[in-house]
Amino acid sequence: MKISRLRWTILIISFVVLIFGGLTGLYLGRFLPSFVCCYVDGHLRSGTCFLASLQSSLSYSSWESYKYLGEIFLYFSLLVILIGRAWCGWICPLGFLQDVLDLIRKKLHLGYLNFSEGIRAKLRCIKWIFLFVALLLPLWASFPAFAPSVAMEFRIPFCHLCPGKYILPMVTADFASVAVNYKNATTITLTILGLVFSALVIVGALMKRRFWCPYCPLGLLLSFYRKISFIKLKKDCQKCTMCEICYNVCPVEIQQVFKEREKEDVTFTDCTLCLKCVEYCPEDGALQATFLGKTIYKSTSKGFFRDKI
Amino acid sequence: MDQLEKRKARFVRGLVCSAETVLAELTESPDLPEGMGYFINIMKDVFVHQDKSLISTRLQRTDNQKLIGTYCIMVPEELIYAAGAIPVRLCGGSYEASSIGDELVPRDTCPVVKASVGFTSLGLISIYQICDAVIVPTTCDAKRKMGEELSKFTEVWMLEVPHIKDSEGARRQWLEHIKALKKDLEKLTGKKIRRKALQSSIRMIAGAQYEARRLYEIRKSAATVIMGREAMLALNAYSYDTALEWTKAMAGLNDELESRRDNGRVVADSNAPRVLIAGCPPIFPNWKIPSLIEEMGAVIVADESCMGSRYLYDPAGITEKSMRNMMAGIAARYLMPCVCPSFAPNEDRLYRLLQMVDEFKISGIIYHVLKGCVIYDFELIRVEKIMKEKNIPVLRIETDYSPEDIEQLRTRIEAFVEMLGTKMKKG
């Protein structure tokens, strides 16, 4: 279980550094491809989620703001190209909290929920809706052609819906944001929805592995880089026996990896590069993770059986 | 009545004789690994001595412990062990039994089914008599109807296997069938399958698979340290042994083979053609094809038989210890990677064969078709096509369990092996 342990270690370190690293004066930037929520106390966190910066810069129609956006977008892109959605599987604080809830479920020997293909297909649109909310509503706020009072509340609309806004500050014992904002009808709606999503994510993560990740718009944004990202999940189709194990271990239930029979690159949209599939693949070299084309981790028959007998 | 008794006696004599002939042929070889003795004794107990108490002792069966007969490789042994019962695999390979079965099933049925029905109907061979229930998966047409015929003589549970693996619905349905089987087993043994018991039986089977894969690796190496006919027998013997004991013996054999390899003690010429047996499974005591191939100077380095290399190859992937996850892992193990030609589409099998050809550096394929096995014969077309692209010769051998065609087969196999030899020399 080497790779799982490594992943847990990195998740814990990242969580501490990102959420409490600010105490040491560390500040990494406002372009982190990870849920380092802007609602966590500014003295504590050591950066800001790119999605928050993206929305707020879109909501100001000034040249400075766009220039700034271009700048952080560049840094963001570089970070994502470097390790792709490994940001989600190995670093994201919300991902870490979900994994902790998942661990509790596992320790209780409770099974997990599986969504059928049909349900998964229907839910696929959610992340797109969230992304459009995050991209379009701030533009309305910057050019409030109609209903300006409503538009003004949409400077960072997704953040109000995001479970990170409510869950992450809670971890730092800050409950200020866990409340309905009664300022006006728009804020009430947004915060109520956000609270409902947060409750769903907490309960969901106790029943289903990485419950939130398939709906995350930041994850979707990250997945756009998967073709040019340095890290890739690759499959040797001839070696694959289609045993379905990779699908059963996949926290985000990606079927295409075992079904793929032609392409070598099997880094699919939802893949968080947790590499569990590689760890559990019983065939030598059927699955591997590569960095710039170099194998960094490969499935082996020996590795599969190591802890199982 | 007297007539029947005589016939039964003749049957037993015949069976003992053919089993002994095959075993003698193996034991006569000066290169037989010592570790093989254990597996040869299993076959002796079952087919030569045919003694109930001997078999029960070997299976470490306590007085009330249930014995479950299984057919094909889709019956989850993990569940049987977890319920406190013992599985034995009953697919028949005896010529004598198949002649008895000849009268009970249609003429065009394959000899595996004929022999299985023959064995069961006579009630002579103890391993068939002492089973409390027999599980028959609905794989090919013959096996499916066989279940119906067997139910005249013994308690049969049919296990429905979907024939299309790709659809999510079929997989879900399969999981439901496995869950139902779990309930039936619990009812039969009166013991509830608990999480811990299932966990340890999964571990036990994984142990057997680990050793089976070790043997597989050993056979990949260019230095031949065990003949194919021996390795195949060792795997076949798993049918009549407990997973735990078999694993121990296999570990011993593997250790011996590895030390042979390290000491350079090879049992066949390094230029000998490396043959893969594809198609229908040779089942003991029908050792006709494996014996002939190796008598002619080739080495069987791999097979894709459900009684041989494929028997214990694909493991269950368990990520957590919840009942739900374990059941899903077990269900997936028995369905998804299985490349039995009763599935369609069965493209996976072609990939598996290509991979074997690469891994084992195969020089030629003997495609074994048991008369009546339409589905393996069907897939020959595709196998021949992909192997032609890879420039790997394929020889189709259609036969049954009868010894009549042995000389004719010898000539054909001899010519094939010789051709492989010349092809290798040419480079």
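All values reported here derive from a predicted model rather than from experimental measurement. (Residues numbered from 1 in each chain as written. Chains lettered and ligands numbered in written order. Predicted model: local features only at pLDDT ≥ 70, side-chain atom pairs only at ≥ 80, totals over all residues. Heavy atoms only, no water.)

Participant: Quick question: what am I supposed to make of the packing of aromatic side chains here?
Facilitator: We describe a pair of aromatic rings using the distance from one ring centre to the other and the angle between the two ring planes. Evaluated as defined, the whole model comprises 32 aromatic pairs over all chains. Ring geometry for W128 of chain A against F132 of chain A: centres 6.4 Å apart, planes inclined by 35 degrees, an arrangement best described as tilted. With W128 of chain A and F132 of chain A both in helix α7 (residues 125-142) and four residues apart, the pair spans about one turn of that helix. Residue F132 of chain A is classed as partly exposed on the basis of its relative accessible area, which comes to 44%. The ring of Y39 of chain A is capped by K165 of chain A, whose NZ or CZ atom sits 4.7 Å from the centre of that ring. A cation sits over an aromatic face here: K165 of chain B above F343 of chain B, 4.8 Å from the ring centre. (Phe/Tyr/Trp six-rings, centres within 6.5 Å; stacked < 30°, edge-to-face > 60°. Helix = DSSP H or I, 4+ residues; strand = E, 2+ residues; numbered from the N terminus. Buried < 20%, exposed > 50% of the residue type's maximum accessible area, 1.4 Å probe, protein only. Lys NZ or Arg CZ within 6 Å of the ring centre and 35° of its normal.)

Participant: Can you help me understand the sheet that holds strand β1 (residues 67-70) of chain B in this one?
Facilitator: Sheet strands pair via backbone hydrogen bonds, and the direction of the pair is either parallel or antiparallel. All names here are of chain B. The parallel open sheet is built from four strands, whose spatial order is β2-β1-β3-β4. Of all strands in the sheet, those bounded by a partner on one side alone are β2 (86-89) and β4 (156-159). The mean inter-strand angle of the sheet, taken between neighbouring strand axes irrespective of direction, is 25 degrees. Inspection of the sheet shows β1 paired to strand β3 (residues 133-137) by three bridges, in the parallel sense. Among the inter-strand pairings, G69 is bridged to a residue of β3, identified as V134. (Pairing = 2+ DSSP bridges. Axes fitted to C-alpha atoms, helices over the stretch in contact; angles between N-to-C directions.)

Participant: Teacher, can you tell me more about the environment of P217 of chain A here?
Facilitator: Residue and element names in this part refer to chain A. As for its position among the elements, P217 is in helix α12 (residues 217-223). Classification of P217 by relative accessible area gives buried; the value is 0%. Expressed as a C-alpha distance, the spacing of P217 and T24, which sit 193 residues apart in the sequence, is 30 Å. Other than its neighbours up to four places away in sequence, P217 contacts L51, K127, F130, L131, F158 and W212. (Contact = heavy atoms within 4.5 Å.)

Participant: What's the story with the interface of chain B and chain A in this structure? I'm lost.
Facilitator: Note on interface size: it is often stated as the accessible area lost on association of the parts. Listed per partner, the contact involves 34 residues of chain B and 38 residues of chain A. Summing both sides of the interface, chain B and chain A together bury roughly 3,000 Å²; the carbon and sulfur share of this comes to 52%. Area buried by chain B at its contact with chain A is led by T319, E320 and Y351 of chain B, which between them contribute 18% of it. Counting the contacts that link chain B with chain A gives four salt bridges. In this structure, the salt-bridge partner of R105 of chain A is E320 of chain B, at a minimum N-O distance of 2.6 Å. Along the contact surface separating chain B from chain A lie 16 residue pairs in polar contact (both at pLDDT 80 or more). Elements with a contribution of two residues or more to the side of chain B that touches chain A: α9 (168-189), α10 (195-220), α14 (323-335) and α15 (347-359) of chain B. Per-element accounting of the side of chain B that touches chain A gives the leading share, eight residues, to α10 of chain B. For the side of chain B that touches chain A, the class distribution of residues is 12 nonpolar, seven polar and 15 charged. (Buried area = accessible area lost by both parts, 1.4 Å probe. Salt bridge = Lys/Arg side-chain N within 4 Å of Asp/Glu carboxyl O. Polar contact = N/O pair within 3.5 Å; in protein donor to acceptor, adjacent residues only side chain to side chain. Nonpolar A, V, L, I, M, F, W, Y, C, P; charged D, E, K, R; others polar.)

Participant: Looking at this model, I keep getting lost on the sheet that holds strand β2 (residues 287-291) of chain A. Mind explaining?
Facilitator: All names here are of chain A. Pairing within the open sheet is antiparallel, and its three strands lie in the order β1-β2-β3. Of all strands in the sheet, those bounded by a partner on one side alone are β1 (231-235) and β3 (294-298). Averaged over neighbouring strand pairs, the angle between their axes works out to 35 degrees when direction is ignored. Where β1 meets β2, five bridges bridge the pair, whose relative direction is antiparallel. If you follow I231 over to β2, its bridge partner there is F291.

Participant: Would you mind showing me how to read a nonpolar patch on the surface here?
Facilitator: Residue and element names in this part refer to chain A. Nonpolar side chains collect at one region of the surface, where I104, L108, L110, L113, V203, L206 and M207 lie side by side and expose about 600 Å² of accessible area between them. Take the nonpolar patch: its biggest share by element is three residues, from helix α11 (residues 185-207). With relative accessibility at 35%, the residue L206 sits in the partly exposed group. (Patch = residues over 30% accessible without salt bridge, like charges linked within 9 Å, V, L, I, M, F, W, Y side chains within 5 Å. Areas by Shrake-Rupley, 256 points an atom, 1.4 Å probe, with all protein chains shown as cover.)

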